[in-house]
Amino acid sequence: ITHDLRSPLSSMLKWIEYAKDSETLEEKLQNLENASNNGKMLMTLINDILDYSLIKNGKFKVNYTKFPLELLLKESIDLMKIQADLKEIKITNQNSCPKAMNLISDFTRMKQILYNLIGNSIKFSKKGGEIILSLENVTTEKNLIKISISDNGVGIKPEIIQKLGQPFQSYDYTGNLNREGVG
């Protein structure tokens, strides 16, 4: 949870610094938009933490809406761009889905999932690396997509992959269980 909160906050602050140093109004507005998106993501995460009791009691509701896949990708990548830039990591979007494809899902949760996946890729990738975000349409009858992220990080040992997603677990950079995490 701690990196989930720190990443958007540090990105937001960095985008504000960039906005201050921007020479053109267009650059200032784009940097402020990126800062705003990081602030919104941070607010969502804080609300999720505060809503934990709803999740625990099975009363949490998913907010299904129709939204463009391209918007999801753009906002997710933009949120993490500053973190990637700091490590000189290139994020490549290899979307093979139709450009006008719409999804019906919880936009905020989908963005949070991509945010976490991209954030972990940045965290565990070497400076100057590349992260490839791949999307493909799994079926033409429904807008079902497959999202894959690859990077030049250290990877995860196969025996650890089975343990992913378990609460209060954390793994060191070599993929070994090393301590209890915070969530």
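Before reading on, note that the structure itself is shown above.
Residues numbered from 1 in each chain as written. Predicted model: local features only at pLDDT ≥ 70, side-chain atom pairs only at ≥ 80, totals over all residues. Heavy atoms only, no water.

1. Quick look at the overall build of the protein
What counts, and what does not: Here a helix means four or more residues in a row that DSSP labels H or I, a strand means two or more in a row labelled E, and each is numbered from the N terminus. Here the term buried applies to any residue with accessible area under 20% of the maximum for its type, exposed to any over 50%, and partly exposed to those in between, with areas from a 1.4 Å probe on protein chains only. Residue contacts are defined here by distance: any two heavy atoms, one from each residue, within 4.5 Å place the two residues in contact. Only the protein chains shown count as covering a residue, and every accessible area follows the Shrake-Rupley method with a 1.4 Å probe.
Broken down by element type, the protein carries six helices and seven strands. Each helix and strand of the protein, ordered N terminal to C terminal, gives the series α-α-α-β-α-β-β-α-β-β-α-β-β. Across the 183 residues that make up the protein, the buried fraction comes to 34%. In the protein, 67% of the contacts between residues at least 6 apart in sequence involve partners at least 24 apart. Here the protein displays about 11600 Å² of accessible surface, and carbon together with sulfur accounts for 56% of that area.

2. A word on the nonpolar core
What counts here: Take the buried residues of types Ala, Val, Leu, Ile, Met, Phe, Trp, Tyr and Cys, join any two whose side-chain atoms come within 4.5 Å, and each joined set is a nonpolar core.
Ranked by size, the top nonpolar core spans 25 residues in total, and within it Leu69, Leu72 and Ile122 carry the most contacts. Secondary structure elements with two or more residues in this core: α2 (25-50), α4 (69-86), α5 (107-124) and β4 (130-139). For this core, the leading source of residues is α4, giving seven residues. Residue contacts for Ile122: discarding those within four places in its chain leaves Met80, Gln83, Ala84, Lys87, Ile89, Ile91 and Ile131. Met12, Trp15, Ala35 and Ile82 belong to the second-largest nonpolar core, a separate cluster that totals five residues.

3. Thoughts on the pairing of strand β3 (residues 102-105)
Note the cut-off: Whether two strands pair comes down to DSSP finding at least two bridges between them.
Only one face of β3 is covered, namely the face carrying Leu103 and Ser105; the face carrying Asn102 and Ile104 is uncovered. By the bridge criterion, four bridges tie strand β1 (residues 65-68) to β3 in an arrangement that is antiparallel. Bridging from a neighbouring strand, Thr65 pairs with Ser105 of β3.

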